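Coordinate analysis (summary)
Read off the chains here:
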Amino acid sequence: MAGFRTHITVSSALGIAYGGIAVQPVGYTTEAGILAAGVTAVGGMLPDLDSDSGIPVREMFGLMAAVVPLMLVPRLLHAGVSREGILATLLFGYLFIRYFVANLFKQLTVHRGMYHSIPAMLIAGLCAYLAYPDRGVRILLGLGVMVGFLSHLVLDEIYSVDWRGLKPKLKSSAGSAVKFGSSSIPATATCYLILGGLVYLAYLDFQKKGGDLGW
């Protein structure tokens, strides 16, 4: 499979291209383009959260613990939450993701399980979409996360082929990244239940009037 450095290099390059296209010719602001480039780069590293490799996983959960609560700040401001309430949310959000979610994720996942799949990619994109309040930018960010996530899956499949010799050979890991289900029925069912729940939340959110979300 592709190494962590390869994944971050490719997803970062895709992020730069994606953010640039978002600004010109699509017409997003420069700030939105930079943010889109960043989430695309991060998206390319997300599938490795189920890895047992140690340092990359700790770094990724540390980054998520800092970024995810920050993405909720615009929603908190729109909801009228006090400054102290926002600071408390940032603090406890960091601790919750950095330690509780990270440990729980480690216990429940296996490398190249359902977290390396197309449904997981859609879940990651929907999480980014729901976390950000601005309708136009949230679509940009959600797609960016999925672009980065998909690049990881595709690279893993490319690296699962032994290209040496006259006839390429498939390694045992072939087909374990770009997939829609796994051999574990409970894991597959849980993944699709989460995906269905997020799709429903996104639908409800989309049906709200623009004034309710500050669009």
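Residues numbered from 1 in each chain as written. Predicted model: local features only at pLDDT ≥ 70, side-chain atom pairs only at ≥ 80, totals over all residues. Heavy atoms only, no water.

**A closer look at the UniProt feature "transmembrane region" (unreviewed entry) in the protein chain**
- Under the local residue numbering, the UniProt record ascribes the feature "transmembrane region" (unreviewed entry) to residues 55–73, 85–102, 114–132, 139–160 and 180–203.
- Along residues 139–160, the helical share is 91% and the strand share 0%, with 32 Å between the first and last C-alpha atoms.
- Annotation note: span residues 180–203, helix share 79%, strand share 0%, distance between end C-alpha atoms 22 Å. (UniProt positions renumbered as here; feature names shortened; annotations may be inferred. Helix = DSSP H or I, 4+ residues; strand = E, 2+ residues; numbered from the N terminus.)

**Some details on the environment of Leu-70**
- Positionally, Leu-70 belongs in helix H3 (residues 55–71).
- A relative accessible area of 51% places Leu-70 in the exposed class.
- Taking the C-alpha atoms as reference points, Leu-70 and Thr-89, separated by 19 residues in sequence, lie 9.2 Å from one another. (Buried < 20%, exposed > 50% of the residue type's maximum accessible area, 1.4 Å probe, protein only.)

**So, the packing of aromatic side chains**
- Considering all chains together, one arrives at 2 aromatic pairs under this definition.
- Aromatic pair Phe-96 and Phe-100: ring centres 5.2 Å apart, planes at 25°, arrangement stacked. Placement of both Phe-96 and Phe-100 in helix H5 (residues 83–108) is noted, with a separation of 4 residues, approximately one turn of the helix.
- Relative accessible area serves as the criterion here: at 47%, Phe-100 is assigned to the partly exposed category.
- Ring geometry for Tyr-115 versus Phe-149: centroids 5.9 Å apart, planes at 75°, classification edge-to-face. Of the two residues, Tyr-115 is situated in the loop between H5 and helix H6 (118–131) and Phe-149 in helix H7 (residues 135–158); the sequence distance between them amounts to 34 residues.
- Taking relative accessible area as the criterion, Tyr-115 reaches 19% and is therefore assigned buried.
- On the accessibility criterion, Phe-149 (0% relative accessible area) is buried.
- Over the ring of Tyr-99 we find Arg-98; its NZ or CZ atom is 5.3 Å from the centre of that ring.
- Here the basic side chain of Arg-138 rests over the ring of Tyr-129, its NZ or CZ set 4.2 Å away from the ring centre. (Phe/Tyr/Trp six-rings, centres within 6.5 Å; stacked < 30°, edge-to-face > 60°. Lys NZ or Arg CZ within 6 Å of the ring centre and 35° of its normal.)

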